[in-house]
Amino acid sequence: MACLPGSMQAADIRAKADVACQPTAGTLTYVCTIRLTDSRTNEPLTGIDLSVGADMPSMPMMHNVRPVKATPGREKGTYQAHIELEMAGEWALQLNLSGKLRDRLVQVLRFEDGEIAREISPAAPRPARQKH
Amino acid sequence: MDDYLIGVLSNVGVISFIALSAYLLLLIGEISFGQQAFFAIGAYAAGIATALWGWPLAAGLAWGAAVAGAAAVLVGVPTLRLHGLYFAIATLAFAEMVRLLCELFRYQITIDGEPTGPNGADGFRNIRYIFENDIGPLQFLVLIYALLAAALLGFMLMERSRLGVAFRMIGEDVALAGLQGIAVARFKVLAAGLAGALAGIGGGLYAHLTTYVEPRIFDVMLGVHSLAYGLIGGLGTALGPLLGVLIDIGLLESIRSLAGYRMIIFGGVVAFLLIVRPRGLLDETVVHYVRRTWYQIGRGRGN
């Protein structure tokens, strides 16, 4: 699970997202569970319109995954989105919040086919750079 | 308008700035693999200005362009003495130096209880001006294209001026341009500065569009693409690099079935065009032909 801070437009709510992506049966397809909370109170953020897009940091703006709408999950403040990537590697997931809260949170994860996506942490050594 | 379409069009607009930046250097006959460095400098400078210093977006973008332009001039003075392959390698080395410096650069202040600002390899998150100021995706798209239109207008005016002629003369033959009384070194540094500023504006827009930048974004891949756009689109007009961007991100991106093979196809297109049309699709001959036809049509109407 990965965390990152963000915030809200008018009110003083700062959103935080925990993202976990599990592989599905398809090639490079994942189901991502996103937990949105207020970073100050840790209260779950419900009723948010959430869409999830992705971009490759190593090739910015050149691979755009069409944003998919996330659906509310069973737990309060959780959302699920099915994403399909073009290739394995590091992807910056863009979480676009709209509706009662407008914001964009970015989470960089490493995706390998058939494996659980791993958060890219600056503290952890990065794997060798991928070849395109 | 569909959010995805707005996103793709925003990307096309933003990347056009770095494509125009590389194009300007191609005009003076220099191949730069390092324009992504100025894109990075613009992104960090503009992001710091709005997210950390609380500047308005316009001032932040102007600051990003100014810092990137100044950096380009500083780099241009020693490197523009080099030519061809040596210049290309020098720009690549500088860009890698900037990228590595970004990995070391830490400048954070606490805003609303959250540390905000560049944090080395973790990048620079929360450049949230457009969200804090309720600027919608469509409004930001309009801003991108308004700035791009201004840049294109600037190029068109430049092409008709003595400055544009001097740039093209230098691009054709440095020695001959010098013999014609053109201050080659001064014009080259000016071109480098303008190209840096253009890339800086693109970087500033990118940082605010995505709210997040990190050093790996400014990899050589971005520099290679920015250069390729001018080479495939054409060097006859500033619309050439924009055509290159449209071919890559607009056309190839829209063919989703290509998926991960898109880059291979793009590389093939670049290689093919460099063989059959070394000055790109909209080269000087095509532009001249279009202009002549346009004037003839205009004259025919006048009679």
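So, how was this worked out
Numbers given for residues are sequential positions, taken from 1 along each chain in its written order. Chains carry letters from A onward and ligands carry numbers from 1 onward, assigned in written order. Selection of residues for local features in this predicted model requires a pLDDT of at least 70, selection of side-chain atom pairs for listing and counting requires 80 or more, and totals for whole chains, interfaces and linings are taken over all residues. Side-chain measures here rest on the full set of heavy atoms in the structure, leaving out hydrogens and waters. Only rings of Phe, Tyr and Trp enter the pairing, Trp through its six-membered ring, and a pair is recorded when the two centres are within 6.5 Å. The plane angle decides the type: under 30 degrees is stacked, over 60 is edge-to-face, the rest tilted. Runs of E in the DSSP output that reach at least two residues are strands. Runs of H or I that reach at least four are helices, and both are numbered from the N terminus. What we call a nonpolar core is a set of buried Ala, Val, Leu, Ile, Met, Phe, Trp, Tyr and Cys residues that are connected through their side-chain atoms within 4.5 Å. Relative accessible area decides the class of each residue, using a 1.4 Å probe on protein chains only: under 20% of the type maximum gives buried, over 50% gives exposed, and in between gives partly exposed. Contact definition: two residues touch when any of their heavy atoms are within 4.5 Å. Strand pairing follows a simple DSSP-based rule, namely that at least 2 bridges must link the two strands. In this analysis the probe radius is 1.4 Å and the grid spacing 1 Å, with only protein atoms considered; a cavity is a set of points the probe fits into but cannot get out of, a pocket is an open set with protein on both sides within 12 Å along at least five of seven lines, and lining residues have an atom within 4 Å of a point. Grid points are joined across faces, edges and corners, and a volume is the space filled by probe spheres set on the points. Each residue is assigned to one class: nonpolar for Ala, Val, Leu, Ile, Met, Phe, Trp, Tyr, Cys and Pro, charged for Asp, Glu, Lys and Arg, and polar for all the others, Gly among them. Disulfides are defined in this document as cysteine sulfur pairs within 2.5 Å. A helix is expected to span 1.5 Å multiplied by its residue count minus one. Defined here as a combined quantity, buried area equals the accessible surface (1.4 Å probe) lost by two parts on assembly, summed across both. Within this document, salt bridges are pairs made up of a side-chain nitrogen of Lys or Arg and a carboxyl oxygen of Asp or Glu, the two lying within 4 Å of each other. Contacts described as polar in this section are N or O atom pairs within 3.5 Å, which, within protein, must combine one atom able to donate a hydrogen with one able to accept it, while residues neighboring in sequence count only if both atoms come from side chains.

## Looking at the packing of aromatic side chains
Residues and elements named next belong to chain B.
So, step 1. Under the criterion given, the structure shown has 14 aromatic pairs over all chains.
So, step 2. Centroid distance phenylalanine 167 to phenylalanine 187: 6.2 Å. Interplanar angle 90 degrees. Geometry classified as edge-to-face. Of this pair, phenylalanine 167 sits in helix α7 (residues 162-172) while phenylalanine 187 sits in helix α9 (residues 184-210), and the two are 20 residues apart along the sequence.
So, step 3. Grouped by ring-pair contacts, the aromatic residues Phe39, Tyr44, Phe105, Tyr107, Phe124, Tyr206 and Phe218 constitute a single cluster.

## Some remarks on the nonpolar core
So, step 1. One finds Ile34(A), Leu36(A), Leu93(A), Phe111(A), Leu20(B) and Val213(B) to be the most contacted residues of the largest nonpolar core, which totals 121 residues.
So, step 2. For this core, the element with the most residues is helix α1 (residues 3-27) of chain B, which contributes 15 residues.
So, step 3. The residues contacting Leu20(B), other than those within four sequence positions of it, are Leu148(B), Ala151(B), Leu152(B), Phe155(B), Leu198(B), Ala238(B), Pro241(B) and Leu242(B).
So, step 4. Ranked by size, the runner-up nonpolar core spans five residues in total, among them Val106(A), Val108(A), Ile120(A) and Tyr212(B).

## Some points on the pairing of strand β3 (residues 29-38) of chain A
All names here are of chain A.
So, step 1. Burial runs high along β3: eight of the 10 residues are buried.
So, step 2. Judged from the nine bridges that link them, strand β2 (residues 15-23) and β3 form a sheet pairing that is antiparallel. Bridging across to β3, alanine 17 finds its partner in leucine 36.
So, step 3. Counting the residues in the hairpin turn of β2 and β3 gives five residues, including leucine 28, whose phi is positive at 50 degrees.
So, step 4. In the sheet, β3 pairs with strand β7 (residues 78-84) via seven bridges, with the strands oriented antiparallel. Directly across from arginine 35, in β7, lies its bridge partner threonine 78.

## Side note on the environment of Asp49(A)
So, step 1. You can see Asp49(A) is positioned in strand β4 (residues 48-55).
So, step 2. Residues within four places of Asp49(A) in sequence aside, it is in contact with Lys69(A), Asn96(A), Leu97(A), Ser98(A) and Gly99(A).

## So, empty space enclosed by the protein
Residue and element names in this part refer to chain B.
So, step 1. All chains considered together, the criterion is met by five cavities of 30 Å³ or more.
So, step 2. Considering only enclosed or pocket space, the largest cavity measures out at about 100 Å³ in volume.
So, step 3. Within the residue set of the lining of the largest cavity, elements represented by two or more residues are α2 (35-52), α3 (57-79), α4 (84-104) and α9.
So, step 4. Counting residues per element, the lining of the largest cavity draws most heavily on α3, at four residues.
So, step 5. Of the residues contributing to the lining of the largest cavity, the split by class is eight nonpolar, five polar and no charged.

## Some words on the state of the cysteines
Residues and elements named next belong to chain A.
So, step 1. One pass over the structure, following the stated rule, counts one disulfide over all chains.
So, step 2. Across the disulfide from cysteine 21 sits cysteine 32; the S-S distance is 2.0 Å. Handedness of the cysteine 21-cysteine 32 disulfide follows from its S-S torsion of about 110 degrees: it is right-handed. In this pair, cysteine 21 is assigned in strand β2 and cysteine 32 in strand β3, connecting sequence segments 11 residues apart.

## Structural notes on helix α6 (residues 137-159) of chain B
So, step 1. End to end, α6(B) covers 33 Å across 23 residues, agreeing with the expected 33 Å (1.5 Å per residue, within 8%).
So, step 2. Buried residues of α6(B): Phe140(B), Leu141(B), Ile144(B), Leu148(B), Ala151(B), Leu152(B), Phe155(B), Met158(B) and Glu159(B), and no others.

## Quick word on the interface of chain A and chain B
So, step 1. Taken together, the 35 residues of chain A in the interface contact 43 residues of chain B.
So, step 2. Here chain A and chain B share an interface that buries about 3500 Å² over both sides, 51% of which is from carbon and sulfur atoms.
So, step 3. The largest contributions to the chain A side of the interface with chain B come from Met61(A), Met62(A) and Arg102(A), which together make up 24% of the buried area.
So, step 4. Joining chain A to chain B, the criterion identifies five salt bridges.
So, step 5. Among the salt bridges present, the one from Arg216(B) reaches Glu90(A), with a minimum N-O distance of 2.2 Å.
So, step 6. At the junction of chain A with chain B, the criterion picks out seven residue pairs in polar contact (both at pLDDT 80 or more).

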